[in-house]
Amino acid sequence: AAGRAAQGLEAAEHAVAEAARLGPEAEPLHAEALHNRGRLYRAARRLDDARADLEAVLQAAEHGGDEALALEALQELLLVAHDAADRSAFGAWLVVARGKLRRLEDEPRTRARLLHLEGLSALRQGEPARAEEAFEAAAAQWRELGAGASLELARTMIQLGVARGR
């Protein structure tokens, strides 16, 4: 598994370099490549590298008006801050994410993301009952979205288990 992870990271680094060489017109492609590499860095626990890539993705997404990518980058930045136990960064990114998500909360996927993030926030604040409530509501939203949201549902269920265990 470690060999495949290293290969994946190597491929992601190559994709970032290739997209960067294409110039400014390929900024969306470069942002996607950075997003993928940032997620792999997070999985490899290279949290400073992940944060740098994901902040660059957020900046590019905001510049290009890509709300979906901006939300994905914010969610990943929250997870990086959570993994690093950086309460200050988590709180700051949560404020940004809440603002962005509240503008779009009528969309079911966005609503589920907001509820999941609220659950993470409650866990960080030592409020497992509030976290459990938020994760249960998020899980219900993910279930309504069907098979296309199965990964998000699994992530929420893991966090629900954490909340119930506290």
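Everything that follows concerns the structure shown earlier in this document.
What you see is a predicted model; the values in this text were computed from it and never measured. (Residues numbered from 1 in each chain as written. Predicted model: local features only at pLDDT ≥ 70, side-chain atom pairs only at ≥ 80, totals over all residues. Heavy atoms only, no water.)

For the pair helix α3 (residues 47-64) and helix α4 (residues 67-83), the least separation of the axes is 9 Å and the interaxial angle reads 160 degrees. Taken together, the axis directions place α3 and α4 in an arrangement best described as roughly antiparallel. In this structure, α3 meets α4 at a crossing whose hand is left-handed. Of the residues in α4, those in contact with Leu47, Ala50, Arg51, Leu54, Glu55, Val57, Leu58, Ala61 and Glu62 of α3 are Leu69, Ala70, Ala73, Leu74, Glu76, Leu77, Val80 and Asp83. Residues belonging to the contact of α3 with α4 are distributed by class as follows: 12 nonpolar, no polar and five charged. (Axes fitted to C-alpha atoms, helices over the stretch in contact; angles between N-to-C directions. Helix = DSSP H or I, 4+ residues; strand = E, 2+ residues; numbered from the N terminus. Parallel < 35°, antiparallel > 145°, perpendicular 65-115°, else oblique. Left-handed = near helix turned anticlockwise from the far one by under 90°. Contact = heavy atoms within 4.5 Å. Nonpolar A, V, L, I, M, F, W, Y, C, P; charged D, E, K, R; others polar.)

Moving on: unusual backbone geometry. With phi around 65 degrees, Arg45 is a residue other than glycine that occupies positive phi space. With respect to the helices and strands, the residue Arg45 is situated in the loop between α2 (27-43) and α3. Of note in the backbone geometry, Ala85 takes a positive phi value of approximately 55 degrees without being a glycine. Here Ala85 lies in the loop between α4 and α5 (87-103).

With that settled, the discussion passes to the packing of helix α7 (residues 128-145) against helix α8 (residues 150-165). Direction vectors running N to C along α7 and α8 enclose 160 degrees, while the axes themselves pass 9 Å from each other. By the criterion of interaxial angle, the relationship of α7 to α8 is roughly antiparallel. α7 and α8 meet at a crossing whose hand is left-handed. Of α8, the residues touching α7 (which contributes Pro128, Ala131, Glu132, Phe135, Glu136, Ala138, Ala139, Trp142 and Arg143) are Glu152, Leu153, Thr156, Met157, Gln159, Leu160, Ala163 and Arg164. When the residues that make up the contact of α7 with α8 are grouped by side-chain class, the tally is 10 nonpolar, two polar and five charged.

A few words now on the side chain of Glu152. Of note, Glu152 is situated in helix α8. Reaching out from Glu152, the side chain makes a polar contact with the side chain of Arg109 at a distance of 3.0 Å. If we ignore the near neighbours within four places in the chain, the residues touching Glu152 are Arg109 and Trp142. (Polar contact = N/O pair within 3.5 Å; in protein donor to acceptor, adjacent residues only side chain to side chain.)

This part takes up α3. Over its 18 residues, α3 extends 25 Å from the first C-alpha to the last, a length consistent with the 26 Å expected when each residue adds 1.5 Å. Within α3, the full set of buried residues consists of Leu47, Ala50, Asp53, Leu54, Val57, Leu58, Ala60 and Ala61. Packing partners of the buried residues in α3 comprise α2, α4 and α5. Just past α3, the residue Gly65 takes up positive phi, approximately 70 degrees. (Expected span 1.5 Å × (residues − 1). Buried < 20%, exposed > 50% of the residue type's maximum accessible area, 1.4 Å probe, protein only.)

Considering all chains together, one arrives at 14 salt bridges under this definition. Two residues, Arg45 and Asp83, come together in a salt bridge whose shortest N-O distance is 3.6 Å. With a gap of 38 residues between them, Arg45 in the loop between α2 and α3 and Asp83 in helix α4 connect regions that are remote in the sequence. Residue Glu132 pairs with Arg164 through a salt bridge whose shortest N-O separation is 3.2 Å. One end of the pair, Glu132, is in helix α7; the other, Arg164, is in helix α8, with 32 residues separating them in the sequence. The structure contains a network of salt bridges with shared partners spanning Arg42, Arg45 and Asp83. (Salt bridge = Lys/Arg side-chain N within 4 Å of Asp/Glu carboxyl O.)

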